[in-house]
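# Summary of the model geometry
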Amino acid sequence: MSVTPVLETAVDVLRRRDPELAEILLGEADRQATTLQLIAAENFSSPAVLAALGSSLANKYAEGYPGARYHGGCEIVDVAERIAVERAKALFGAEHANVQAHSGSSAVLAAYAALLRPGDTVLALGLPYGGHLTHGSPANFSGRWFDFVGYGVDAETGLIDYDQVRTLARTHRPKAIVCGSIAYPRHIDYACFREVADEVGAYLIADAAHPIGLVAGGAAPNPVPYADVVCATTHKVLRGPRGGMILCGADLAERVDRAVFPFTQGGAQMHTIAAKAVAFGEAATPAFTAYAHQVVANARVLAARLAAEGLVVTTGGTDTHLVTADPAPLGVDGRTARGRLAAAGMVLDCCALPHADVRGLRLGTAAVTTQGMGETEMVRIAVLFAQVLRGEAESQKAREEVRELAGGFPPYPG
């Protein structure tokens, strides 16, 4: 099994100091290298990103912002954060970027804190249709602190019902409208949302956690010109470290920054911010542009072949890295299907299906595309996928085929 130099160094140290944890690192590296990572929110960060994450910057406390820290000795980490900010602004065409958010949820929390007050009405995609927990779940701070109204998707097409969005906005006069989803496979019409928000005097918040990497590669529409605030993650398709960021105009920069620190977070994680800077730099290259378009091409082939194998693919296909599907025509529900596929080495998630009381499957092509897989491999994955769900492929035999396929595309070759 091959691992990156960063992992080799970590394992060497851990083998001497903590062999139990060393085995865990090696075990996870082996799991990732011998199974298919089809979880839409996951990817493989580059060795350079991992190097930044494992650097001495992890030791530095840096509450505040460059040039205005609450701790001494921040001269060098200030440079790292400024680089990350400038690269993010250039990559997405934003006037301001905050790269300190610890996660996508932290970014959304800060956006709400910057623009809203407890009790304000917010219009967002309903959770049964792919809305995130931060879009009004009663188990989340958003559902407890704000009055969320959910819009949905058309029962026949599965597409966002923009007429319903407009009607609900006129009726409820929300303080903010959120557009974004964890399971919507089509491009969002940001211009339409901007028009509705302007009509009712609402802020427009784009939760672009999933498509932001495609945006960076020119394979998806950019929400920055339309939204007041854009929240995103830096992992997923973007291939950076696990973390979040916020993009906005200069007019909201100070409010957003104060909402991140000191209102919702403490010290910035400088090793993660440096890793974000590395990822933004990588995403600005022609190679990443080609990658982002290949991610979409792979997802479209995967969706088409899954449909041909009998699964019901939501919206009839995809524009992004996401595919959502109902395996019921193959005789299994979503949770059972996920378990069978996991036993065969194909790792993915369940998700809510629009206008249905059952769980479906959510999968993505970001990680396997990073490994170098293309349309041919997507067809092979879809066929094996269906064979496992129909019970035509014995679990151990399917597991060996997955191991062989993954072995031909190591995430960290050499």
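Given the structure is predicted, the values throughout are model-derived calculations rather than measurements. (Residues numbered from 1 in each chain as written. Predicted model: local features only at pLDDT ≥ 70, side-chain atom pairs only at ≥ 80, totals over all residues. Heavy atoms only, no water.)

### A closer look at the pairing of strand S5 (residues 121-125)
Our working rule: A simple rule labels every residue: compare its accessible area, found with a 1.4 Å probe on the protein chains alone, to the largest value its type can have, and call it buried under 20%, exposed over 50%, or partly exposed in between. To qualify as a helix, a DSSP run of H or I must reach at least 4 residues; to qualify as a strand, a run of E must reach at least 2; elements of each kind are numbered from the N terminus. Should DSSP find at least two bridges between two strands, the strands are regarded as paired.
Along S5, 5 of the 5 residues are buried, which leaves the element largely enclosed by surrounding structure. Bridging between S5 and strand S6 (residues 147-151) involves 5 bridges; their strand directions are parallel. Opposite Leu-125, over in S6, you have Tyr-151 as the bridge partner. Direction of pairing for S5 relative to strand S7 (residues 176-179): parallel, over a ladder of 2 bridges. Bridge assignment links Val-122 to a residue of S7, and that residue is Ala-176.

### Observations regarding the sheet that holds strand S12 (residues 322-326)
Strand order in the open sheet formed by 4 strands is S11-S12-S15-S14, and the pairing between neighbours is antiparallel. For this open sheet the edge positions go to strand S11 (312-313) and strand S14 (349-352), each flanked by a neighbour on one side alone. Where S11 lies against S12, 2 bridges are found, and the strand directions are antiparallel. Bridge pairing in S12 places Val-312 opposite Asp-326.

### Details of the packing of aromatic side chains
Operational definition: Here the aromatic set is Phe, Tyr and Trp, taking the six-membered ring for Trp, and pairing holds for ring centres within 6.5 Å; pairs whose planes are under 30 degrees apart are stacked, those over 60 apart are edge-to-face, and all others are tilted. In this scheme, the term charge over a ring applies when either NZ of a lysine or CZ of an arginine sits within 6 Å of the ring centre and within 35 degrees of the ring normal.
Considering all chains together, one arrives at 10 aromatic pairs under this definition. Aromatic pair Tyr-112 and Phe-146: ring centres 5.5 Å apart, planes at 75 degrees, arrangement edge-to-face. Residue Tyr-112 is located in helix H5 (residues 104-115), and its partner Phe-146 is located in the loop between helix H6 (141-145) and S6; the two are separated by 34 residues in the primary sequence. Of the aromatic side chains, those joined through ring pairs into one cluster are Tyr-112, Phe-141, Trp-145, Phe-146 and Phe-148. Sitting over the face of the ring of Tyr-291, Arg-239 holds its NZ or CZ atom 3.9 Å from the ring centroid.

### Side note on the environment of Ile-212
As a reminder of what qualifies: For this analysis, residues touch if any pair of their heavy atoms sits within 4.5 Å.
On the secondary structure map, Ile-212 appears in helix H9 (residues 212-216). By relative accessible area, Ile-212 is classed as buried at 0%. Setting aside its immediate chain neighbours within four residues, Ile-212 contacts Phe-92, Ala-232, Thr-233, Leu-238 and Met-245.

### Re the pattern of salt bridges
Stated formally: Between Lys or Arg on one side and Asp or Glu on the other, a salt bridge is scored when a side-chain nitrogen of the former is within 4 Å of a carboxyl oxygen of the latter.
If you walk through the whole model with that rule in mind, you get 19 salt bridges. In this structure, Glu-199 and Arg-170 form a salt bridge, with 2.5 Å as the shortest nitrogen-oxygen distance. With Glu-199 in helix H8 (residues 190-200) and Arg-170 in helix H7 (residues 162-172), the pair connects residues that are 29 residues apart, well separated along the chain. A relative accessible area of 45% places Arg-170 in the partly exposed class. The shortest N-O distance in the salt bridge between Arg-186 and Asp-319 comes to 3.0 Å. With Arg-186 in the loop between S7 and H8 and Asp-319 in the loop between S11 and S12, this pair connects stretches of sequence that are 133 residues apart. Here Arg-186 matches Asp-319 in class, with each residue buried.

Structural measurements only, silent on function.
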